[in-house]
Every structure is written in C-alpha cells, then in structure tokens.
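Analysis of the macromolecular model
Read off the chains here:
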Amino acid sequence: MFYQKLLKPILFKFDPENVHDFFVWAGEVLGKFGLSRKLVALFYRYKGPDISIIVDGISFKTPFILSAGFDYNARLINILPEISFGSVEVGSVTARPCLGNDKPRLIRLPKSKSILVRKGLRNEGVDAVIHRLKKYCIKKDFVVGVSIAQTNDEKNCSAETGLEDYLYSFKRLNEENVGDYYTVNISCPNAFGGEAFAKPALLDLLVSRLSAIRCEKPVYVKMPINLEWSEFDNLLKVLNKFEIIKGVIIGNLNKEYNSLDYRNEAPDEYRGGLSGKPCFELSNDLIRKTRSAYGKRFTIIGCGGVLSPLDMAQKFAAGSDLVALITGMIYNGPSLVKLLSSYYANHLIKQNGK
Ligand SMILES: Cc1cc2nc3c(=O)[nH]c(=O)nc-3n(C[C@H](O)[C@H](O)[C@H](O)COP(=O)(O)O)c2cc1C
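Structural notes, computed from the coordinates. Throughout this description, residue numbers start from 1 for each chain and increase along the sequence as written. It should be noted that, the model being predicted, local features are given only for residues of pLDDT at least 70 and side-chain atom pairs only at 80 or more, the latter also being counted only at that level, while totals for whole chains, interfaces and linings use all residues.

What follows covers the site of the ligand. By nearness alone, 27 residues border the ligand, and S67, A68, G69, S275 and T327 come closest of all. Secondary structure is summarised from DSSP: a helix means a run of H or I of at least four residues, a strand means a run of E of at least two, and numbering begins at the N terminus for each. Secondary structure elements with two or more residues in the shell around the ligand: β4 (87-93), β6 (114-117) and α10 (327-332). Gly is placed with the polar residues, together with every amino acid not listed as nonpolar (Ala, Val, Leu, Ile, Met, Phe, Trp, Tyr, Cys and Pro) or charged (Asp, Glu, Lys and Arg). Among the residues making up the shell around the ligand, the classes are represented as twelve nonpolar, 13 polar and two charged. Here is the check we use: build the C-beta atom from the backbone, and if it is within 6 Å of the molecule or strand, call the residue near.

In structure tokens:
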C-alpha cells in the first residue's frame, strides 16, 4: 500500500533510470549494516513455512530470482535476501566495461504494465564485477547467478569478436570461482552485433567453445521469445547436445510493439525491447512447449510479466522450476516478492494436502 499509493506516484514523476540508480544506491547502503538489514527484513522478508527448493544441486531459499538487468553491477547482494529473493542474476556483464546506449535507456509504459528497455548492456565489465562479488560475505542459501553477454561497442560487430568476448567473461568467472550459476545471454535486443548467437550454427559454435572451459557450475541460456516454436526448438536442439547446459531462461524482452495493450505508448520511432506484461503469454507458451517436448532435460527459469501471485502461479503451471522477475517489482514494489512467497507456500501446502 505504502509503495503503491504514496511512493510510486512520486517516483513515476522522475526519469526511470535516475529512480533505478537511487534504489541501487539506497539498497547498497541498507545492505551494509546489520541494523538496516534487520529493519528491511522486518517488513519484507518472508517468514512462513519452508519453501526452499534445490535446483541443479543449488539450494534456493525462495524460488524467486531478481532477473538480469536490475543489479547489473552486483551492488545489492546483501539486501536482496531481506526482501525475500532467493537469488539474483547479476549482469549481464561483458568482457569490457560498457556505457550502454544513449539516453533515454528506459521508458515506462504504465498502461501496458511494461518498460521499454534499451540499456544496451551498460555495466562495469566482468573484472570489476568479479572483484566486487569476491568482497561480499554472501548469505547462506542466497544464490548468485552471473549473466554474460558480448560487449556492446563497435569493436564487437563480428561473430568472431563476439565469441571471444563471451569466452573471456566465462573463463574469468570460472578461474575466480565466482557465482553459483552462469547464464549466457544470447538475446539482448539492442546491441552491436545483434543477436548473432541466437542462430543455431553460431549457438553451436559458442556452446562448444564454452564447453571446453572447465566449469563446475550449472550453465543456463537466456532465450529470445519472439521466435516461432520451430525456430525456438532448433535452438533447444543445439543446447540439448551439450552436457554443460543445464537449463534455459524463458525469456528475454519482447521486441514486438504490436503486442502492447496500449500500442500508442510506444511509437515506431522508439527503440528497445518490452518488459513486463507483453512478455507474459509469449514466455508461458514457450515454457509449456519446452517442458512438453524435452521433459526434465532442461531446468526452466520462467521469466516475463510476473506482476501478481496469479501470474506467478501460471508461470509455474506452465512448467517453470524457478521464476525470475523485474518489472513486477518496479510496478508493485519490493513487497511483491514476500507476497509471492506466501502464495507459493499456500500452494505447496494445498498440494501436499497439509
Ligand atoms: C531495466 C531492465 C534491464 C534489463 N537488462 C537485461 C540484461 O542486462 N540482461 C538480460 O539478460 N536481461 C535483461 N533484461 C530483461 C529481464 O531480465 C527480463 O528477462 C525481462 O524484463 C522480462 O521480465 P519482467 O517482465 O519480469 O521484467 C532487462 C530488463 C529490464 C526491465
């Protein structure tokens, strides 16, 4: 209520990126001190029955992940467990530091419950993020994933340089043994080099090169959602060949502006992908089909448009093992994750007939 009725109307008057930067700053400060962490936990930490879950050998205290793109420089590791997240996916990080696209990088589309994102992989680079992650004393049962992508700059226009970029980040993360799982983001919609690795031949090359690097953590692939099932399945067929790939995140932003409930919120001259509600059905459909075609072969992290407990229930019903989100938290406030956890617990209790 406090967020929805009081804070959000004020925050939504300011530039979204400035608001985001402010929250990251505030979250980092609150995460530094035991007292402020306890205060945040008092309001926002889920304290009900155990809903922890083990996926690919990793224990998640709650099945909810802060999706890649919010804490891209790994500044919120100490505070996110206190607002009921079981995990964060840091990044996407790139081999070189990256300023991202020109401003505006984020535009709110409130009627459509979406954010237009053209951040362009803004981040401090994999080495800076590794350095920061190594300094944390990370809470037990809080899972840190790291998403890697290719640096968004003019040096990275060819598949060859893009490939080297991914390999560098992957190698460095494994050498330094940082993070609990890794995600290969092949579906960033607005960067130099485009989505070259979201094509079967180059994906095959990328994953076979990654497989040659010693890695003891689960690796997931962040999938595009604007593909017909046959094209999507062609990517899954490639991933299915590689033991290193434990799962898929379904998925990234929606590039189709016609899927907006309020089409006039995003004129054609806008650039970038849509988060939130326009991702919901597309991702659910691909999750369902992936689960049905591949059974338990892939861990599925369902992502896109989870704004309420009902959305969350549908993501799980479609076949997700874990659920990741960003936009729901921006529109409904940080208490959403505690609410989702409570509903999830009720559902588990009903399912187990307790
Ligand atoms: C501000 C913002 C930045 C994002 N940056 C990234 C990114 O760097 N890497 C990535 O894989 N996905 C990125 N995404 C996509 C999200 O991780 C997620 O897949 C998408 O927003 C759908 O989830 P949602 O509807 O819960 O927001 C970003 C999304 C937002 C809103």
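With five of five residues buried, strand β9 (residues 219-223) is to be regarded as a mostly interior element. Counting other C-beta atoms within 10 Å of its own, a residue is labelled buried from 20 upward, exposed at 12 or fewer, and partly exposed in the gap between, with every C-beta atom placed from the backbone. The alternating pattern of β9 places V219, V221 and M223 and Y220 and K222 on opposite faces, both of which are buried. By definition, two strands form a pair when at least two bridges between them are found by DSSP. Where strand β8 (residues 181-185) lies against β9, four bridges are found, and the strand directions are parallel. Residue pairing for β9: N185 is matched across the bridge by K222.

Another point: the packing of helix α7 (residues 229-240) against helix α8 (residues 277-294). Axes here refer to lines fitted to C-alpha atoms; in helices the fit is confined to the stretch in contact. Angles between the N-to-C directions go from 0 to 180 degrees. Between α7 and α8, whose axes approach to 11 Å, the crossing angle comes to 50°. With respect to α8, the element α7 is oriented oblique. Helix-helix and strand crossings are classified by hand; for α7 and α8 the assignment is right-handed. Counted together, W229, F232, D233, L236 and N240 of α7 and L286, K289, T290, A293 and Y294 of α8 form the full contact between these two elements. Class assignment for the residues of the contact of α7 with α8 results in six nonpolar, two polar and two charged. Throughout, the term roughly parallel applies to angles under 35 degrees, roughly antiparallel to angles over 145, roughly perpendicular to angles from 65 to 115, and oblique to all others. Note on convention: near helix rotated counterclockwise from far helix by under a right angle means a left-handed crossing. Clockwise means right-handed. Any two residues are considered in contact once their C-beta atoms, placed from the backbone, lie within 7 Å.

It is worth spelling out the sheet that holds β6 at this point. Judged by pairing direction, the sheet is antiparallel, and its three strands sit side by side in the order β5-β6-β11 without closing on themselves. The open sheet has two free edges, formed respectively by β5 (106-109) and β11 (273-274), since each of these has just one partner strand. Across two bridges, the pairing between β6 and β11 is antiparallel. From the neighbouring strand, V117 faces β11, where its bridge partner is G273.

What follows deals with the pairing of strand β10 (residues 245-250). For β10, the tally of buried residues reaches six of six residues, placing the bulk of the element in the interior. As paired elements, β9 and β10 share five bridges and run parallel to each other. In the sheet register, V221 faces β10, and the bridge partner there is V248. Since β9 and β10 lie parallel, the crossover through α7 that links them has a hand, and here it is right-handed. Judged from the four bridges that link them, β10 and strand β12 (residues 299-303) form a sheet pairing that is parallel. Pairing of G247 across the sheet is with T299, part of β12. Here, the term right-handed applies to a crossover whose path from the first strand over the helix to the second runs clockwise when the strands point away from the viewer.

Any link to function would need more than the numbers given here.
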